[in-house]
Amino acid sequence: YKQHVGEIDDSGITWPIPISQIPKFERQNRVRINVIGYDDEAELDPFYPLAISKSTDSDQPVVNVLLIENNDTTHFVLVKSLNALLRRGNTRRTKHYCE
């Protein structure tokens, strides 16, 4: 992560980044970002989409992040494998989620 700090254009972006500024960050850095929410009280599926990139440029890398909220604190966590995050239990059938 530290090797990419100098490559990021965060001009005009406030930190921590609110979801409303993610489209601006995407445009400035030619990246697609998907934000996934988590509700530990959900009965069926605790994960849900909060923000899905509107970019259709398949040359841009996709970054999936999980938004963790705790009282007044929020934190983005990199999701290395969307399939692993969304997998339910020890099932033999594998599902593949599109990014």
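All figures in this text were calculated on a predicted structure; none of them were measured in a lab.

Q: Could you clarify how one ought to interpret the sheet that holds strand β3 (residues 62-70) in this entry?
A: Whether parallel or antiparallel, the strands of a sheet pair through hydrogen bonds between backbone atoms. Read across the sheet, 4 strands follow the order β2-β1-β3-β4 without closing on themselves; strand pairing throughout is mixed. Either end of the sheet is taken by a strand with one partner, and the two such strands are β2 (47-51) and β4 (73-79). Between one strand axis and the next, the sheet turns through 35 degrees on average, direction left out of account. One ladder, built from 4 bridges, connects strand β1 (residues 32-38) with β2; its direction is antiparallel. For I36, the partnering residue across the bridge sits in β2 and is P49. Where helix α1 (residues 22-29) meets the sheet, it contacts β1 and β4, and its direction lies at approximately 150 degrees from that of β1.

Q: How should I be thinking about unusual backbone geometry in this particular structure?
A: Trans is the prevailing form of peptide bonds, just as negative phi is the prevailing case for residues other than glycine. In this structure, the amide linkage connecting W15 to the following residue, P16, adopts the cis form with an omega of -5 degrees. In this structure, P16 sits in the segment before α1. Residues other than glycine seldom take positive phi values, yet N71 does so here, at roughly 55 degrees. Note on placement: N71 falls in the loop between β3 and β4. Residue classification places N71 among the exposed residues on the basis of a relative accessible area of 77%.

The rules behind these values
Residues numbered from 1 in each chain as written. Predicted model: local features only at pLDDT ≥ 70, side-chain atom pairs only at ≥ 80, totals over all residues. Heavy atoms only, no water. Pairing = 2+ DSSP bridges. Helix = DSSP H or I, 4+ residues; strand = E, 2+ residues; numbered from the N terminus. Axes fitted to C-alpha atoms, helices over the stretch in contact; angles between N-to-C directions. Contact = heavy atoms within 4.5 Å. Buried < 20%, exposed > 50% of the residue type's maximum accessible area, 1.4 Å probe, protein only.

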